[in-house]
Amino acid sequence: MERAWVTFGLACLLAAAPRGLHAQVPASVEEARPAANRLIAQIKEESARHGHALLGELCTTVGPRLSGSPGLEKAVAWAQVQMKAAGLENVHVEPVTIPHWVRGNESCEVVSSPGRKLAMLGLGNSVGTPKEGITADLVVVSSFEELSSLPRATVAGKIVLFDPPWNGYGRNVVFRLRGFLEAAAKGAVACLVRSASDAEGLPHTGSVWGNPFTPTSIPTAALAIEDAAYLHQLAARPAPVRVRLQMDGQVLAPASGANVIGELRGREIPDEIIILSAHLDSWDVGQGAQDDGVGCILSLEAARAMLKAGLRPRRTIRVVFWATEEYGGLGARAYAKTQGIEMQKVIAAFEADTGNGRPLGFGWKGGDRAAHIVKRLRGYQPLLEPLGAASLEPDAYPGTDIEALEYPGVALFGLHNDMRHYFEIHHCAADTFDRVNLQDFTLNLEAYALMGYLVADLPQ
Ligand SMILES: [Zn+2]
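So, how was this worked out
Residues numbered from 1 in each chain as written. Predicted model: local features only at pLDDT ≥ 70, side-chain atom pairs only at ≥ 80, totals over all residues. Heavy atoms only, no water. Salt bridge = Lys/Arg side-chain N within 4 Å of Asp/Glu carboxyl O. Helix = DSSP H or I, 4+ residues; strand = E, 2+ residues; numbered from the N terminus. Buried < 20%, exposed > 50% of the residue type's maximum accessible area, 1.4 Å probe, protein only. Axes fitted to C-alpha atoms, helices over the stretch in contact; angles between N-to-C directions. Parallel < 35°, antiparallel > 145°, perpendicular 65-115°, else oblique. Left-handed = near helix turned anticlockwise from the far one by under 90°. Contact = heavy atoms within 4.5 Å. Nonpolar A, V, L, I, M, F, W, Y, C, P; charged D, E, K, R; others polar. Phe/Tyr/Trp six-rings, centres within 6.5 Å; stacked < 30°, edge-to-face > 60°. Lys NZ or Arg CZ within 6 Å of the ring centre and 35° of its normal. 1 Å grid on protein atoms, 1.4 Å probe; cavity = no way out; pocket = protein on both sides within 12 Å on 5 of 7 lines; lining within 4 Å. Points joined across faces, edges and corners; volume = space filled by probe spheres on them. Domains from an automatic or database assignment.

(A) View of the pattern of salt bridges. Summed over all chains, the structure comprises 24 salt bridges. Notably, a salt bridge pairs R315 with E272, separated by 2.8 Å at the nearest N-O pair. With R315 in strand β14 (residues 315–322) and E272 in strand β13 (residues 269–279), this pair connects stretches of sequence that are 43 residues apart. Residue classification places E272 among the buried positions, given a relative accessible area of 10%. E301 is paired through a salt bridge with R304; the nearest N and O atoms lie 2.6 Å apart. Residue E301 and its partner R304 are both found in helix α8 (residues 289–308); the two are separated by three residues, about one turn of the helix. What emerges from the salt-bridge pattern is a single network uniting R267, E268, R314 and D457.

(B) Geometry of the packing of α8 against helix α12 (residues 438–456). Where α8 contacts α12, the axes come no closer than 9 Å and their chain directions differ by 60 degrees. The orientation of α8 with respect to α12, classified from their angle, is oblique. Handedness of the α8/α12 crossing: right-handed. When α8 is examined against α12, the residues V294, I297, L298, S299, E301, A302 and M306 are found in contact with a partner set consisting of F441, N444, L445, Y448, A449, G452 and Y453. In terms of residue class, the contact of α8 with α12 is made up of 10 nonpolar, three polar and one charged.

(C) A look at the packing of aromatic side chains. For the structure on display, the rule yields 10 aromatic pairs. Considering the side-chain rings of F350 and F413, the 4.8 Å spacing of their centres and the 15 degrees angle between planes classify their relative orientation as stacked. One end of the pair, F350, is in strand β15 (residues 346–351); the other, F413, is in strand β18 (residues 411–417), with 63 residues separating them in the sequence. Each member of the pair, F350 as well as F413, is classed as buried. Among the aromatic side chains, those forming a connected cluster through ring pairs are F350, F362, F413 and Y448. Positioned above the aromatic ring of Y230 is the side chain of R116, whose terminal nitrogen or guanidinium carbon lies 3.9 Å from the ring centre. The ring centre of F144 lies 4.4 Å from the NZ or CZ of R178, which sits over that ring.

(D) Representation of the layout of surface pockets in the model. Size it by volume and the largest pocket reaches roughly 740 Å³. If you trace the largest pocket, you find 38 residues lining it, with Y169, R176, E325, Y397 and T400 closest to the centre. Going through the elements one at a time, α6 (169–185) and β18 are the ones with two or more residues in the lining of the largest pocket. Examining the composition of the lining of the largest pocket, we find that five residues originate from one element, α6, more than from any other. Of the residues in the lining of the largest pocket, the class split is 16 nonpolar, 16 polar and six charged. Structurally, the lining of the largest pocket is a two-domain feature, drawing no fewer than three residues from each of domain 1 (17–100 + 254–456) and domain 2 (101–251). Put simply, the second largest pocket is a space of about 300 Å³.

As structure tokens, then:
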């Protein structure tokens, strides 16, 4: 009964005339310029260094933050302390049930002659092998089509390696996601994939397709790109290549996680909300510095910089660190569900989750109101141009988390960065604080904070 009412009420509200941002005076760049100048000056003088140091603390004193791990639990407590220290109000956590996979020990080696140890990382939620490991002959393919062209008898009982050519993350990640499913369907006993990266020497982990709370049907792991290429070359010879894979990976009972939330209440229309967000979880290797420690600190430091500069926007800024993104935006999905009718207060949501390359602009998504906001933001482009972040790309990917907030009336904005070097550190041991360049971090903070402020302060 109550549920039906909420659904009906929400539908009515969302169908009503667009709220808040409609029928206002046009944005004036000159009106906004003094505040923008103050915000940028604050960031240059203090906030960028403060935020960069805070990221260093997250990376080194908290460390990696795998879903369900003690590291993530520690990060949730740390984040609340930092939000309060930044002067945010209404700091609290909202519980989210999150996956809990543990890696344990793992290894992979060629046991036929010539033997060789391989650089590998189990993929998230991979089932483990028996204690003694799985030893089997290897079948190497470059594509799903090549695998399906092979007779089942050629694949059954073997370990399949997918070694596709590198065509960029978007094209290659499908082997990490779906490889084990295709291999298992042909009777393979384990699956290896070339890392979805163009980095040298380091294997990249990541999640796989399917229910985030259940293990894979067969053990699955990524190999460093050189090792995948080596096996491909070896397998082209007539002699069978025999590989031993040992993994302790295990899916445990779901864990208790939390979205961490803090606010900078709006001075005129506090019931309209602009979310600045990123995900707090990371993979267990590296320090989760750019994926997505940078995004968390940008979101927090943007709000802190506004406060330090004496700027309180018209609408409320709500900083959210999402509980778990690496298994598919579960934190934001839980948020959208539990907020229910409150979601209609959200005007816009921002996410920063593409590393620390210099900012290029924002991708946006959403209906009529998003288009209306963007139209007004174009009036502010002279303020964003000097930051190199004036592009507003329509129908662009805004971020895995906030895609769960794609409600009518919510404008989604993703910070877009130069990602040329991102996949050298993504999901691998190289995602560490020492690679987070302060100069680029400063530019990102300027673009993200200013854009968040301008949207939150659009005149009625
Ligand atoms: Zn991320």
